[in-house]
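Each chain is listed here by its residues.
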Amino acid sequence: MFSKILIANRGEIAVRIIKTCRRMGIRTVQVYSEADAGSLAVEMADETVLIGPAPAAQSYLLQDRIVDAVRQTGAEAVHPGFGFLSENASFARRLEAEGITFIGPNPHAIEAMGDKITSKKFAAEAGVSTVPGHMGLIETTEEAVKIAREIGYPVMIKASAGGGGKGIRVAHGDDDMAEGFAAVKAEALNAFGDDRVFLEKFIIDPRHIEIQVLGDKHGAVVHLFERECSIQRRNQKVIEEAPSPLLDPETRAAMGAQAVALAKAVNYDSAGTVEFVAGQDKSFFFLEMNTRLQVEHPVTELITGVDLVEQMIRSAWGEKLAFGQKDLAINGWAIESRIYAEDPYRGFLPSIGRLVRYEQPEEGEHEDGYVVRNDSGVREGDEISMFYDPMIAKLCAWGPTRDEALTGMARALEDTHLQGVGHNIPFLSAVMDQPRFRSGHISTSYIKDEFPDGFHGLKPDARQTQIMIAAAVAMNEIAAEQAGDPSDRTDWVVLIDKAPHGVDLSYDADEALLLAFTGGGQARLTEIDWRPGLAQFRAELDGEPFTAEVSRVADGFIIRHRAAKARVRVLTPHTAELYARLPEKVAADTSKLIASPMPGLVVSIPVTVGQEVKAGETVAIIEAMKMQNILKAERDGVVKAVSAAAGDPVAADDVLVEFA
């Protein structure tokens with residue numbers, strides 16, 4: 001077995017690989033950019049090598065730097081993780097020529113399957129059903145529009161070398177195609193150094209289902225069942241689960257057989273994923289093969305008990321697979337939520353900054369029978385950089401059934417607290433609680449269908465209202481006692497935002513807090529775990545545990561439970577009457593301003609002072625975390641001022657363009 005492996009990646013996947021190598025007794029070398037000098041992966045690795053400045057094109061994507069680091073440290077093999085050089089056939093060949101083992105598939109398999117255009121042609125020749133489209137290279141916008149009309153809108157524009165949701169647009173007409181084709185080519189060149197683009201028919205109401213395959217160098221290939229990855233935003237997976245709630249055993253077997261046949265056709269010899277688009281009728285079409293480890297691999301590990309990183313290492317060493325297809329079975333259900341540094345209340349735009357607080361849920365088995373796993377590459381105090389993907393963690397929950405796994409995930413999200421950057425935990429929590437998601441009737445348009453106007457949080461339901469009242473009253477009592485000024489009052493009015501809720505307090509013989517609501521009903525609050533300064537309030541309400549995110553403000557608290565967030569005040573009845581008379585604050589008029597919705601770099605501002613602009617026209621393009629974001633005018637107007645230029649760094653809410 002290898003004695004030392006170099007990890008040509010960063011963040012949570014680097015940490016993930018280090019953990020398996022430690023368990024296998026293999027020493028690790030972590031390469032890092034200047035931006036990652038203080039990262040968790042650098043801290044955990046046995047050796048480290050600086051390979052360049054923060055931009056990936058000047059560090060993680062430079063083959064020479066990786067090879068030099070291998071030579072410098074005496075590593076015998078390179079694990080590329082996902083992204084960066086993981087699906088680069090020339091890199092795999094370069095390592096082979098240098099006598100260094102590439103922990104991944106052979107270069108032929110990467111070439112045949114890693115390129116989306118070539119892979120579709122190969123799959124069609126192998127008898128695998130594929131989505132209708134144009135697999136040839138497309139050079140001009142005019143050619144793209146012509147081909148799209150022949151295929152029939154809607155059409156998906158995809159970068160051949162794409163991945164991770166980057167380099168993808170859906171065009172519903174000629175204008176979309178003209179704009180999207182140029183954007184995809186630019187994104188692809190910037191992210192992958194390859195601007196080749198192809199088109200395929202966009203399947204209406206589809207589901208994204210993928211099959212995990214695993215092969216060795218002796219011709220054996222198995223599949224480890226499927227993952228459902230339909231909950232996506234901007235073609236970036238957000239929530240994954242295994243198995244899929246759509247598939248029956250027959251469809252699962254058919255998809256698995258196709259995936260294995262395709263892998264065998266290219267002598268596949270590592271972990272890889274065959275992706276399918278599936279109709280609600282269980283029909284399915286090959287999309288592409290990812291010749292690497294997938295971001296969402298933990299859910300497969302949780303339902304099969306197979307460590308995919310370990311199997312990749314053993315395959316690269318030349319070992320035979322220690323199990324066959326009949327030895328594999330699905331055990332329970334697993335859910336993965338990708339926690340991103342992004343602001344769901346601002347259109348999910350990237351958020352950068354320092355993780356001032358990061359409290360993680362306890363990993364392992366919990367009393368209620370669910371299991372929590374948290375793959376993270378950052379710690380409290382770390383910086384979320386604009387140079388890389390904004391992922392903070394992949395939070396996973398396993399349960400014997402789908403309902404139990406979902407319940408476990410909802411609780412694990414409650415127990416995760418982040419401060420310092422915007423994050424999508426409230427949104428993930430909203431999905432976990434939605435009846436449609438719970439039913440399993442989902443598609444890749446789920447987020448757009450359920451949140452057509454964006455995410456603005458959810459109003460507290462009846463139980464959450466009681467949780468907010470109970471938490472606020474308890475915190476008010478605890479804070480007063482610690483300050484040495486308890487009021488001994490038993491009747492309060494709790495304002496949730498502006499809605500009043502009367503409550504009477506008492507204690508039972510066990511010192512549990514009893515709440516009687518004037519609108520009817522009672523509740524018993526026990527196991528209270530909070531003191532002033534803590535950002536999470538933990539307790540049990542009528543025997544059911546919960547965790548709420550809390551913070552003190554001038555006259556009360558901000559409380560968030562899952563997707564419901566409110567300002568909560570505990571007031572005397574008289575003070576509550578006075579609050580009801582306060583006038584509403586008028587919001588400032590920002591309709592004439594185009595502000596940057598995120599920190600980033602200005603790519604271009606294609607308008608000038610005095611120019612007449614129509615609603616829907618592009619007024620600025622901002623790049624952040626390798627994605628280009630197009631800002632459009634919301635109404636007609638004349639440009640009064642332009643406050644930034646191409647290449648300028650901007651912060652969130654910086655004004656870019658002002659209309660007269």
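What comes next is a walk through the structure. Bear in mind the structure is a predicted one, so any value in this text is a computation, not a measurement.

## So, the sheet that holds strand 15 (residues 333-340)
Overall, antiparallel pairing links the nine strands, which are arranged 14-13-10-11-12-15-23-21-20 in an open sheet. The sheet is open, and its two edges are formed by strand 14 (284-290) and strand 20 (364-365), each paired on a single side. Alignment of strand 13 (residues 271-278) against strand 14, held across six bridges, turns out to be antiparallel. The residue bridging Thr 273 from the neighbouring strand is Asn 290, located in strand 14. Lying over the sheet, helix 11 (residues 308-317) contacts strand 10 (207-215), strand 11 (221-233) and strand 13, oriented at roughly 40° with respect to strand 10.

## As for the nonpolar core
Here is a general trend for soluble globular proteins: nonpolar side chains tend to be buried in one another's company. Ile 239, Ile 335, Leu 355, Ile 392, Phe 427, Met 432 and Phe 437 are the most contacted members of the largest nonpolar core, which totals 39 residues. The set of elements that each furnish at least two residues to this core consists of strand 12 (236-242), strand 15, strand 23 (391-399), helix 12 (402-414), helix 13 (425-433) and helix 15 (446-450). Discounting chain neighbours no more than four positions away, the residues touching Ile 335 are Ile 239, Glu 240, Glu 241, Val 299, Leu 395, Cys 396, Ala 397, Ala 405, Leu 406, Met 409 and Met 432. Of all hydrophobic cores here, the second largest spans 36 residues; its members include Ala 14, Ile 17, Leu 214 and Leu 224.

## Thoughts on the packing of aromatic side chains
Following the criterion strictly, the structure yields 13 aromatic pairs and no others. For the ring pair Phe 91 and Phe 102, a centre distance of 6.1 Å and an interplane angle of 90° mean the geometry is edge-to-face. You can see Phe 91 sitting in helix 4 (residues 89-97) and its partner Phe 102 sitting in strand 5 (residues 101-102), a full eleven residues away along the chain. Residue Phe 91 is classed as buried on the basis of its relative accessible area, which comes to 0%. The buried category is assigned to Phe 102, whose relative accessible area is 8%. Arranged with centres 5.5 Å apart and planes meeting at 85°, the rings of Phe 427 and Phe 455 form a pair that is edge-to-face. Placement of the pair is Phe 427 in helix 13 and Phe 455 in the loop between helix 15 and helix 16 (462-482), with a sequence separation of 28 residues. Judged by relative accessible area, which is 1%, Phe 455 ranks as buried. Within the aromatic cluster, the residues linked to one another by ring pairs are Tyr 345, Phe 348, Phe 427, Phe 451 and Phe 455. When the ring centre of Phe 437 is taken as origin, the NZ or CZ atom of Arg 402, which lies over that ring, is 5.0 Å away. Positioned above the aromatic ring of Trp 492, the side-chain terminus of Arg 489 is 5.9 Å from the ring centre.

## A word on helix 12
Taking 1.5 Å of rise per residue, the 13 residues of helix 12 would be expected to cover 18 Å, and the 18 Å separating its terminal C-alpha atoms lies within 8% of that figure. When you tally the buried positions in helix 12, you get ten out of 13 residues, the bulk of the element. Taken as a whole, helix 12 has its buried residues at Arg 402, Ala 405, Leu 406, Gly 408, Met 409, Ala 410, Arg 411, Ala 412, Leu 413 and Glu 414.

## Digging into the pattern of salt bridges
Applying the stated rule across the entire model yields 54 salt bridges. Among the ionic pairs, Arg 292 bridges to Glu 87, the shortest N-O distance being 3.0 Å. Linking Arg 292 in the loop between strand 14 and helix 10 (297-304) with Glu 87 in the loop between strand 4 (77-79) and helix 4, this pair joins segments that are 205 residues apart in sequence. Arg 346 serves as the salt-bridge partner of Asp 653, at 2.8 Å between the closest nitrogen and oxygen. In this pair, Asp 653 sits in the loop between strand 39 (649-650) and strand 40 (655-659) while Arg 346 sits in the loop between strand 16 (342-343) and strand 17 (349-350), placing the two residues 307 residues apart along the sequence. By relative accessible area, which is 48% here, Asp 653 ends up partly exposed. The exposure class of Arg 346 is partly exposed, given its relative accessible area of 33%. Salt bridges sharing common partners tie together Arg 16, Arg 23, Glu 301, Asp 307, Glu 310, Arg 314, Glu 319, Arg 373 and Asp 375.

What counts as what
Residues numbered from 1 in each chain as written. Predicted model: local features only at pLDDT ≥ 70, side-chain atom pairs only at ≥ 80, totals over all residues. Heavy atoms only, no water. Pairing = 2+ DSSP bridges. Helix = DSSP H or I, 4+ residues; strand = E, 2+ residues; numbered from the N terminus. Contact = heavy atoms within 4.5 Å. Axes fitted to C-alpha atoms, helices over the stretch in contact; angles between N-to-C directions. Core = buried A, V, L, I, M, F, W, Y, C linked by side-chain atoms within 4.5 Å. Buried < 20%, exposed > 50% of the residue type's maximum accessible area, 1.4 Å probe, protein only. Phe/Tyr/Trp six-rings, centres within 6.5 Å; stacked < 30°, edge-to-face > 60°. Lys NZ or Arg CZ within 6 Å of the ring centre and 35° of its normal. Expected span 1.5 Å × (residues − 1). Salt bridge = Lys/Arg side-chain N within 4 Å of Asp/Glu carboxyl O.

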